[in-house]
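Here are the chains, one letter per residue:
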Amino acid sequence: MMNESAHFLALVDELSTLSQVDALLLAGSRASGLADSHSDYDLYVYLNAPVSLASRQQILDKYCQYIELNNQFWETEDDAVLHDGIEVELIYRDFDFLSQHLQQLLLHHQASVGYSTCIWANLLNSKILYDANGLAGQLQQRYKLAYPQALQQAIIDKNLPLLLEQIPAYSHQLAKALQRQDRVSLNHRCSEYLASYFDVLFALNQLPHPGEKRMLDYAESHCLRRPQDLRSNIEALLSEVGQAQASLLERVKILSQGLSQCIEEHPELELPRI
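Report on the accompanying structure. (Residues numbered from 1 in each chain as written. Predicted model: local features only at pLDDT ≥ 70, side-chain atom pairs only at ≥ 80, totals over all residues. Heavy atoms only, no water.)

## Details of the overall build of the protein
This is how it is decided: The helix count covers DSSP runs of H or I at least four residues long, the strand count covers runs of E at least two residues long, and both are numbered beginning at the N terminus. Working rule for contacts: check all heavy atoms of both residues, and any pair within 4.5 Å makes them a contact. Positive residues here are Lys and Arg, negative ones are Asp and Glu, while His and the chain termini are left out of the count. Charged side chains are reduced to one point each, which is NZ for Lys, CZ for Arg, CG for Asp and CD for Glu.
Check the secondary structure of the protein and you find 12 helices and 6 strands. Principal axes of the C-alpha set define a box for the protein whose edges measure 55 × 40 × 30 Å. Pairs at least 24 apart in sequence give 60% of the contacts found in the protein among residues at least 6 apart. One finds the centroid of the 20 positive side-chain charges in the protein at a distance of 5 Å from the centroid of its 35 negative side-chain charges.

Written as structure tokens, this is what we have:
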């Protein structure tokens with residue numbers, strides 16, 4: 001924490017004095033050491049009881065020049081800009097939420113459409129700044145386990161059909177949007193396609209999903225099992241979608257078939273029945 005903002009460190013220190021706070025975990029690029037000039041602080045605040053809005057406002061007023069209190073778009077969070085100009089997100093959770101999610105994922109192998117293992121990766125890669133009762137450290141140790149093959153297969157089964165030829169597959173949706181020259185829909189469907197594509201790719205390599213930022217860089221540096229020309233095909237697809245070019249349909253086919261081939265090369269895995 002030697003290089004962190006003094007305002008951020010002071011904020012962490014004050015939050016750690018609250019009896020409702022069980023743990024404070026720093027996630028994202030600030031925790032991984034990959035922060036750049038655009039990076040904010042992703043601070044997960046694990047609570048055993050709610051902290052009032054008035055108390056949160058009073059604390060943030062000391063360290064922040066701008067505050068948006070109690071945003072509810074994804075989870076409960078306060079978003080602010082520290083006095084030194086660095087953005088900070090305070091995401092409020094409790095350990096019951098985290099434990100239940102990880103049990104469903106890692107014990108019952110419940111996959112999602114895209115981003116299946118992000119919360120697991122978030123816990124494993126977070127830096128514990130405060131841990132009142134050692135619960136955060138215990139959870140990190142408990143879930144530092146080998147990637148379950150059943151979860152790997154479940155993610156493939158959930159997401160790969162959407163990359164191939166079933167009626168709901170993204171290729172069909174992209175084709176319809178292309179016929180209509182509906183560029184908003186093209187971009188939306190492409191984003192969904194890539195969400196499922198990378199979910200399968202990271203599962204294939206038994207890697208917890210790192211999140212939505214720098215996925216291609218992460219895949220190239222960490223995924224030993226990956227289709228040839230991954231970067232060039234992904235970048236070409238994004239360009240073709242942006243220009244509504246018909247060639248994007250062939251590009252999707254190349255990407256999907258390459259991923260399927262990678263799965264077929266490993267006998268412990270099965271392609272979903274379509």
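So that's the structure; there's more coming.
## With respect to the sheet that holds strand 2 (residues 41-47)
Filter applied, for reference: Strand pairing is assigned whenever DSSP identifies at least 2 bridges connecting the two strands. Here an angle of 0 to 180 degrees is reported between the N-to-C directions of two axes, which are lines fitted to C-alpha atoms, with helices fitted over the stretch in contact.
Strand order in this open sheet of 6 strands is 3-4-5-2-1-6, and the pairing throughout is mixed. Looking at the sheet topology across the chains shown, the edges are occupied by strand 3 (64-71) and strand 6 (127-131). With strand direction ignored, the average angle separating the axes of adjacent strands in the sheet is 20°. Here strand 1 (residues 21-27) runs beside strand 6; their pairing, made up of 4 bridges, is antiparallel. Among the inter-strand pairings, Leu-24 is bridged to a residue of strand 6, identified as Tyr-130.

## Points about unusual backbone geometry
Even without a glycine there, the phi angle at Gln-181 is positive, about 55°. Looking at the element boundaries, Gln-181 is found in the loop between helix 8 (170-180) and helix 9 (183-204). Residue Gln-206 is not a glycine yet carries a positive backbone phi of 55°. Take Gln-206: it is sitting in the loop between helix 9 and helix 10 (215-222).

## Description of the packing of aromatic side chains
Basically, it comes down to this: Aromatic pairs are defined between Phe, Tyr and Trp rings, using the six-membered ring for Trp, whenever the two ring centres lie within 6.5 Å; interplanar angles under 30 degrees are classed as stacked, those over 60 as edge-to-face, and all others as tilted. Categorising residues by exposure relies on relative accessible area from a 1.4 Å probe, with only protein chains included: less than 20% of the type maximum marks a residue as buried, more than 50% marks it as exposed, and the intermediate range marks it as partly exposed. Definition used: whenever NZ (Lys) or CZ (Arg) falls within 6 Å of the ring centre and also within 35 degrees of the ring normal, the charge is taken to sit over that ring.
Applying the stated criterion across every chain, the model contains 9 aromatic pairs. Here the aromatic rings of Phe-73 and Trp-74 are separated by 6.0 Å at their centres, their planes lie at 65°, and the arrangement is edge-to-face. By relative accessible area, which is 63% here, Phe-73 ends up exposed. One aromatic cluster is present, formed by Tyr-170, Tyr-193, Tyr-197, Phe-198, Phe-202 and Tyr-218 through successive ring pairs. Positioned above the aromatic ring of Tyr-92, the side-chain terminus of Arg-56 is 4.4 Å from the ring centre.

## A few points about the state of the cysteines
The cut-off we apply is this: The rule for a disulfide is simple: a pair of cysteine sulfur atoms within 2.5 Å.
Scanning the entire structure with this criterion turns up 0 disulfides. Lacking any disulfide linkage, Cys-118 is separated from the closest cysteine sulfur, that of Cys-223, by 13 Å. Sulfur of Cys-262: no disulfide; nearest cysteine sulfur belongs to Cys-223 and is 9.8 Å away.

## Structural notes on helix 10
Selection criterion: As used here, the arc belongs to the directions running from the helix axis to the C-beta atoms.
Taken together, the buried positions of helix 10 are occupied by Met-215, Leu-216 and Ala-219. Relative to the axis of helix 10, the buried residues are bounded by an arc of 100° and lie together on one face. Looking at the buried residues of helix 10, the elements they touch are helix 9 and helix 11 (230-242).

## Some details on the environment of Ile-86
Inspection of the secondary structure assignment puts Ile-86 in the loop between strand 4 (77-82) and strand 5 (87-93). If we ignore the near neighbours within four places in the chain, the residues touching Ile-86 are Ser-5, Arg-30, Ser-39, Asp-40, Tyr-41, Ala-80 and Val-81.

## Brief notes about the pairing of strand 1
Counting buried positions along strand 1 gives 7 out of 7 residues, so the element sits mostly inside the fold. Bridge analysis of strand 1 against strand 2 gives 6 bridges, and the strand direction is antiparallel. Bridge pairing in strand 2 places Leu-25 opposite Tyr-44.

## Points about the nonpolar core
Rules: By nonpolar core we mean a set of buried residues, namely Ala, Val, Leu, Ile, Met, Phe, Trp, Tyr and Cys, connected to one another through side-chain atoms within 4.5 Å.
Among the nonpolar cores identified, the biggest contains 36 residues, and Tyr-193, Phe-198 and Leu-237 are the most heavily contacted of them. Elements with a contribution of two residues or more to this core: helix 8, helix 9, helix 10, helix 11 and helix 12 (248-264). Grouped together as the second largest cluster of nonpolar side chains are 24 residues, Phe-8, Leu-11, Leu-18 and Ile-67 included.

## Regarding the pairing of strand 3
The sheet contact formed by strand 3 and strand 4 spans 5 bridges and is antiparallel. Counterpart to Asn-71 in the pairing with strand 4 is Glu-77.

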